[in-house]
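# Examination of the molecular architecture
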Amino acid sequence: MSEYQLYCFAQSGNSYRAALMLNLIGADWQPVWVDFFAGGIQRTPQFRSDINEMGEAPVLVHQGKKLSQSGVILNYLSKLSGKFKPQGEDEEHEAMRWILFDNQKVNGYLGPFRFLRNFATPKGDPAVMAFLKGRIDGNLAILNKRLEKAPFLLGERPTIADLSLVAYLYYPAEEFGFDIRAQHKAIGPWLDRIKELPGWGHPYDLMPGYPLKN
Ligand SMILES: N[C@@H](CCC(=O)N[C@@H](CS)C(=O)NCC(=O)O)C(=O)O
């Protein structure tokens, strides 16, 4: 058995943060597929009692610990590996600031938008989609502005803040119905810089369950 197990599924950008980090630090890990769509396994009482009371993926299992919330997982792995780790208290706070902003305002809107557009039945109500799209545009512009200043969010080197913010941004543009790289010019080159890191993999390759079998 591998040192780490990650409960995840290919369509989950939230899980991708953890899968990408594990791959980039060269961890010995294996995915455990969460049958999210057809099975709704994350909503079962058993998943909630045995795996994660919050009913969410990702969950990282390591040395008898079960960790959820991708921001916590990123922080845990950066401390253990020493990689992508913010240096010093100010950088730690700065990384946490971007991770919280990401969870709530960037991928926190992009994830549900993509879900409602591609996977939900019925599809998202147009008024809801328009609301989410407005928020996404505004918050990606904030990310873009930050990335105009430096190659990575905290400066010259990539940290867990970058690995959080990329969560949904490598999925195909067709799944969003708009081209993030074309609209936000600093985001594409930043995604390419992260893509060049040894161990990078696409979410559909790193995690199981793609393509979806319906
Ligand atoms: N803030 C959490 C978000 C996790 C999350 O929402 N995961 C989704 C999958 S992408 C989930 O499991 N949702 C539960 C559900 O919709 O039943 C994180 O970063 O880990």
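Up top you'll find the structure we're talking about.
To keep things clear, this report deals only with the structure shown in the data block. None of these values were measured; they are calculated from a predicted model.

Bringing the overall build of the protein chain into the picture now. The secondary structure content of the protein chain amounts to ten helices and four strands. For the protein chain, whose C-alpha radius of gyration is 17 Å, the value lies close to the compact-globule estimate of 17 Å for 214 residues. Dimensions of the protein chain, computed from the C-alpha atoms along their principal axes, are close to 45 × 45 × 25 Å. The buried share of the protein chain, reckoned over its 214 residues, is 51%. Of the contacts formed within the protein chain by residues at least 6 apart in sequence, a portion of 72% connects residues at least 24 apart. Working note: accessible area of the protein chain is about 10500 Å², and carbon and sulfur atoms make up 52% of it. Across the protein chain, the centroid of the 24 positively charged side chains sits 3 Å from that of the 23 negatively charged ones.

Turning our eyes to something else, we now look at the pairing of strand β1 (residues 4-8). For β1, the tally of buried residues reaches five of five residues, placing the bulk of the element in the interior. Residues Tyr4, Leu6 and Cys8 of β1 are buried on one face, and the alternating residues Gln5 and Tyr7, pointing to the opposite face, are buried as well. When β1 meets strand β2 (residues 29-33), the two strands line up parallel, connected through five bridges. By the bridge assignment, Leu6 is partnered in β2 with Pro31. At this point the chain moves from β1, through helix α1 (residues 13-24), to the parallel β2, and the crossover so formed is right-handed. Here β1 runs beside strand β3 (residues 59-62); their pairing, made up of four bridges, is antiparallel. Paired with Tyr7 across the bridge in β3 is Val59.

Analysis parameters
- Residues numbered from 1 in each chain as written.
- Predicted model: local features only at pLDDT ≥ 70, side-chain atom pairs only at ≥ 80, totals over all residues.
- Heavy atoms only, no water.
- Helix = DSSP H or I, 4+ residues; strand = E, 2+ residues; numbered from the N terminus.
- Rg over C-alpha atoms; globule rule 2.2 N^0.38 Å.
- Buried < 20%, exposed > 50% of the residue type's maximum accessible area, 1.4 Å probe, protein only.
- Contact = heavy atoms within 4.5 Å.
- Areas by Shrake-Rupley, 256 points an atom, 1.4 Å probe, with all protein chains shown as cover.
- Lys, Arg positive; Asp, Glu negative; His and termini not counted.
- Charge placed at Lys NZ, Arg CZ, Asp CG, Glu CD.
- Pairing = 2+ DSSP bridges.
- Right-handed = clockwise from strand over helix to strand, strands pointing away.

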